[in-house]
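As a plain string of letters, each chain reads:
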Amino acid sequence: MRRIIGGTVTLTLILSLVFLTGVPSSAQAVKNPDTFVLATIGDPETLDYAWAYDTASFEVIFNVYDTLIFYDGSRTDRFVPGLATQVPSVANGLISKDGRTYTFPIRQGVKFHDGTPLTPDDVAYSIRRFLWIDRAGGPSSLLLEPILGVTGTRDEKGNIKVTYSDLTRAVRVQGNNVVITLKEPFGPFLSIMAQWSYVVSRKWAAANGDWDGTRETMRKFNNPKKEDTAFFAKANGTGPFKLVRWDRAAREVVLERNDSYWRTPPKLKRVIIRTVEEAATRILMIKAGDADQIALSRRELPQVQGVEGVRIIDDLPQYLISPAVFFTFDIDPTSPHIGSGKLDGNGIPPDFFKDIHVRRAFAYSFDYAAFLRDAYRGKGVVPKGPIPPGMLGYNPRQEYYTYNKEKAIAEFREAWGGRVWTTGFKLTILYNAGNVPREIGARMLKENIEALNPKFKVDIRALPWPTYLAEMDAHKLPVFFIGWLADYPDPHNFAFHFLHSKGTFPFVQKYANPEMDKLVEQAKSEPDPKKREALYFKLVDMAYKDVPQLYLVSPVVFTVLRSWVKGYYYNPVHPGTYFYPISKG
Amino acid sequence: MTAYIARRLVLLPIVAFGVTLLIFILLQLLSPAMRAALFITDPRQLQALHEIIKTYQLDAPFHIQYWNWMKAVLTGNWGWSETARMPVLQAIKAFFPNTFELALLSFIPILLVGIWLGTLSAVHRDRIIDHVSRFFGISGYSLPTFIWGLFLLMLFYGHFRWFPPGRLSLEASLYVNSPEFRRFTGLLTVDALLNGQFWIFVDALRHLVLPVLTLTVHDTALLVRITRSSMLEVLRQDYVRTARSKGLAEPVVINKHARKNALIPVITLSSLLFVGLLGGVVITETVFEYPGIGRWGAAAALHLDIPAVAGFALFFATLTVLGNLVADVLYAYVDPRIRLR
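Residues numbered from 1 in each chain as written. Chains lettered and ligands numbered in written order. Predicted model: local features only at pLDDT ≥ 70, side-chain atom pairs only at ≥ 80, totals over all residues.

## Some remarks on the sheet that holds strand 12 (residues 320–327) of chain A
All names here are of chain A.
So, point 1. Spatial strand order, 15-14-16-12-17: five strands in an open sheet with mixed pairing. Each edge of the sheet is formed by a strand with only one pairing partner; in this case those strands are strand 15 (456–463) and strand 17 (549–551). The mean inter-strand angle of the sheet, taken between neighbouring strand axes irrespective of direction, is 25°.
So, point 2. Sheet analysis places strand 14 (residues 425–432) next to strand 15, joined by eight bridges and oriented parallel. Its bridge partner being in strand 15, Tyr431 is matched across the sheet by Ala462. (Pairing = 2+ DSSP bridges. Helix = DSSP H or I, 4+ residues; strand = E, 2+ residues; numbered from the N terminus. Axes fitted to C-alpha atoms, helices over the stretch in contact; angles between N-to-C directions.)

## So, the nonpolar core
So, point 1. By size, the foremost hydrophobic cluster in this structure holds 247 residues, and its most contacted members are Ile61(A), Ala495(A) and Ala36(B).
So, point 2. Every residue in contact with Ala36(B), bar those within four places of it in the chain, is listed here: Leu469(A), Leu49(B), Ile52(B), Ile53(B) and Leu58(B). (Core = buried A, V, L, I, M, F, W, Y, C linked by C-beta atoms within 7 Å. Buried ≥ 20, exposed ≤ 12 C-beta atoms within 10 Å, placed from the backbone. Contact = placed C-beta atoms within 7 Å.)

## Focus: the interface of chain B and chain A
So, point 1. Across the contact, 52 residues belong to chain B and 51 residues belong to chain A.
So, point 2. Elements supplying a minimum of two residues to the side of chain B that touches chain A: helix 2 (32–35), helix 3 (49–55), helix 5 (88–123), helix 6 (128–142), helix 7 (145–159) and helix 13 (282–287) of chain B.
So, point 3. Among the elements that take part in the side of chain B that touches chain A, helix 7 of chain B stands out by supplying nine residues, more than any other.
So, point 4. Taken together, the residues that form the side of chain B that touches chain A break down as 33 nonpolar, eleven polar and eight charged. (Nonpolar A, V, L, I, M, F, W, Y, C, P; charged D, E, K, R; others polar.)

## Examining the confidence of the model for chain A
So, point 1. Looking at chain A as a whole, the pLDDT averages 93, with 96% of positions reaching at least 70.
So, point 2. For chain A, helix 1 (residues 2–21) of chain A is the element with the lowest average pLDDT, namely 64, and strand 10 (residues 293–294) of chain A is the one with the highest, namely 98. (pLDDT = per-residue confidence, 0-100.)

## Section: the packing of helix 5 of chain B against helix 10 (residues 198–235) of chain B
Residue and element names in this part refer to chain B.
So, point 1. Two numbers describe how helix 5 lies on helix 10: the axes approach to 6 Å, and their chain directions differ by 35°. The way helix 5 lies across helix 10 gives a crossing that is right-handed.
So, point 2. Split by residue class, the contact of helix 5 with helix 10 holds 18 nonpolar, eight polar and two charged. (Left-handed = near helix turned anticlockwise from the far one by under 90°.)

What follows is the structure, given as structure tokens:
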């Protein structure tokens with residue numbers, strides 16, 4: 001009786017929910033015309049430009065601070081001056097002939113939010129601090145590598161191996177310029193600078209307890225705790241908006257227009273970035289006009305499509321490959337995911353994926369087109385290699401794997417001298433829990449492989465992130481799904497981390513191909529863009545032939561805005577919305 | 001009585017620390033690499049895993065970790081909460097008043113309506129009022145908070161635009177965070193009145209309507225049922241029959257004699273309900289974007305934010321022990337047959 005009543009009431013309510021969500025929002029006047037409200041899903045980790053590595057943090061940082069050069073509108077291969085008055089090039093002499101020295105003339109008359117003037121000394125300090133802070137798991141290696149030729153400031157034992165002189169020699173003030181000298185020529189350098197060269201005030205940092213830029217005090221500012229840096233929850237930049245407060249209890253960031261901005265000040269008076277975890281609440285907010293932009297997942301998108309007053313901008317490219325499928329070449333024998341650990345029909349041996357026929361068979365067993373259609377509603381591209389579309393080095397004519405049952409069977413028949421086909425195997429495919437597209441992909445792979453031979457037994461399993469992380473690190477995952485978002489818009493970032501033996505993924509996979517390593521290093525330093533492109537084409541083709549990974553999707557993204565938002569533009573490299581050009585009306 | 005209370009209070013720190021010890025023991029099941037997941041959230045940070053473990057000493061043996069934590073807690077440092085982006089104590093101070101305000105404003109209607117309806121049901125047993133109240137009781141109790149909360153939000157915010165989610169409207173929030181507004185208790189309704197800003201009081205109340213409504217439905221139903229059965233039990237007693245035969249008016253019999261005795265189990269339940277409201281309204285807080293402590297606690301547990309989980313547990317173990325103590329004292333106060341030894 002109880003159950004019937006409870007069930008009926010629930011059912012009635014669910015039906016009314018359906019009815020109510022169908023009610024459109026009426027046309028309304030612009031709410032809060034000088035304030036932009038963004039409802040998003042994650043809090044910033046820190047507002048420190050040298051500590052942060054997540055998009056939520058940078059969404060604030062890149063509206064409050066400026067870099068030396070900016071990307072030109074929506075382009076990621078062209079730059080315009082920022083706090084530097086010219087973009088260095090060989091033509092204007094600001095890049096030396098040997099490609100190692102970059103000179104940035106610094107703009108004059110720029111003020112920080114506290115009213116003090118910007119000087120070249122602040123620029124040099126900001127970059128040295130970015131290099132020096134080198135917090136574990138942070139982005140400092142992005143500039144440490146090209147500038148000082150090291151991946152970190154500490155060795156395996158934790159001893160410092162970078163000196164103050166290293167920093168001051170590599171990043172120098174020369175009159176009104178800041179001169180940066182690289183270890184070796186590095187093609188992507190300007191790309192990295194456009195994204196990571198934020199400028200802060202040295203005096204402000206020192207006055208607020210952070211590094212004053214001198215040799216005497218530097219030691220304790222290496223690998224500091226997040227909450228100990230002056231820039232954690234306070235900001236003093238040159239950017240279009242000032243930080244009013246980061247209210248971590250209310251989970252909102254409040255920004256205000258910088259009326260003394262060195263370009264024309266923004267039209268918006270105020271920006272509020274609020275964390276709203278519940279998707280249904282965000283959707284209601286944008287329908288009511290209480291939010292001007294919301295974050296949404298593609299699964300939730302249909303709920304705002306066709307709603308009056310809401311505008312959706314779709315098919316926006318990203319430098320992202322997610323997911324890709326990775327094979328581990330030398331699986332830890334204690335892994336719970338390899339069954340018996342032997343090729344006896346009830347497991348796989350730790351070196352199962354060392355046989356290229358196994359990898360090719362897996363490659364032919366996946367239905368890439370169906371996956372794109374079902375898991376992403378067709379919104380994306382199959383990347384054909386580890387370099388995403390739109391980036392230098394992407395070859396639209398590259399051969400790539402498609403779903404082919406006959407070829408899959410043929411490859412399996414040849415694997416391990418025919419024993420795989422006759423004996424069969426058992427293994428588990430893993431993905432991180434909560435990720436629906438990856439779950440779909442794992443399921444598709446499992447079903448297609450099992451359909452080839454009744455002796456093939458494939459399980460799929462979701463692991464919570466902490467377990468996934470730990471088992472990746474311990475090389476226990478035979479086949480796993482994960483993705484990569486670009487650090488900067490250059491193919492080296494993908495080529496290195498997917499294919500070079502010291503890159504992130506080959507390290508987890510225990511994959512090492514010396515030929516690939518050589519090619520990755522060669523392509524990194526090649527100054528001629530045409531020759532560089534040819535080298536990356538070669539690399540992608542090698543990845544096709546050696547099959548260390550399967551590249552499933554480069555998804556496109558979308559933005560959900562109120563129609564009264566004007567001036568919004570998208571750049572794949574932007575960590576979030578650039579509020580500078582935006583107005584409402 | 002005083003000796004009893006004193007004895008119970010002495011047990012308090014033992015219970016509280018016992019709970020946290022249990023949590024640390026459970027956390028032993030997590031390898032250092034798993035604990036690093038709090039800091040490694042992106043594949044781009046994978047290669048830093050081992051350095052993170054070293055930096056945050058995640059591989060220190062359990063007893064050292066517990067000892068360090070306890071030493072710090074005793075000196076007032078409850079550690080840093082990654083999920084809250086602030087020290088644990090500061091997080092408790094920031095979030096708890098919000099939840100307390102919500103719980104208090106929900107508890108009063110739960111208590112009043114629950115007892116009133118429950119009594120009414122018992123007195124007019126098997127009549128219409130009884131059936132209606134039992135129907136609403138069962139549906140309210142069996143309905144998932146999530147469905148009910150979202151439904152209310154869609155109806156009263158999505159459709160009518162009367163009651164928005166969040167704590168305050170934009171204008172009110174800007175004023176509250178400006179230097180003109182002084183915080184006294186952390187409860188916005190009270191502070192608004194103390195600041196003489198009646199419009200903020202109204203604004204805060206407006207944002208509380210839906211969360212309170214969501215919370216009251218479930219627990220009122222529970223209280224109605226308990227009150228009803230307890231009342232029925234009491235109404236059967238001989239002394240009630242005696243009171244009636246003495247010629248006392250029915251309202252006097254009910255209110256003066258029966259109800260007080262019927263309240264005994266209700267008191268016990270209510271105090272547990274209140275403590276539960278204080279710590280466990282995660283779903284309501286999430287749906288209505290309400291910055292409470294339950295939401296933080298759940299996030300901390302999900303992300304393995306160990307200092308936050310331990311601090312949260314310590315805080316709530318203390319609250320629960322105190323809540324039980326209050327219930328026991330009230331119990332003894334109401335029922336003269338009970339002697340606290």
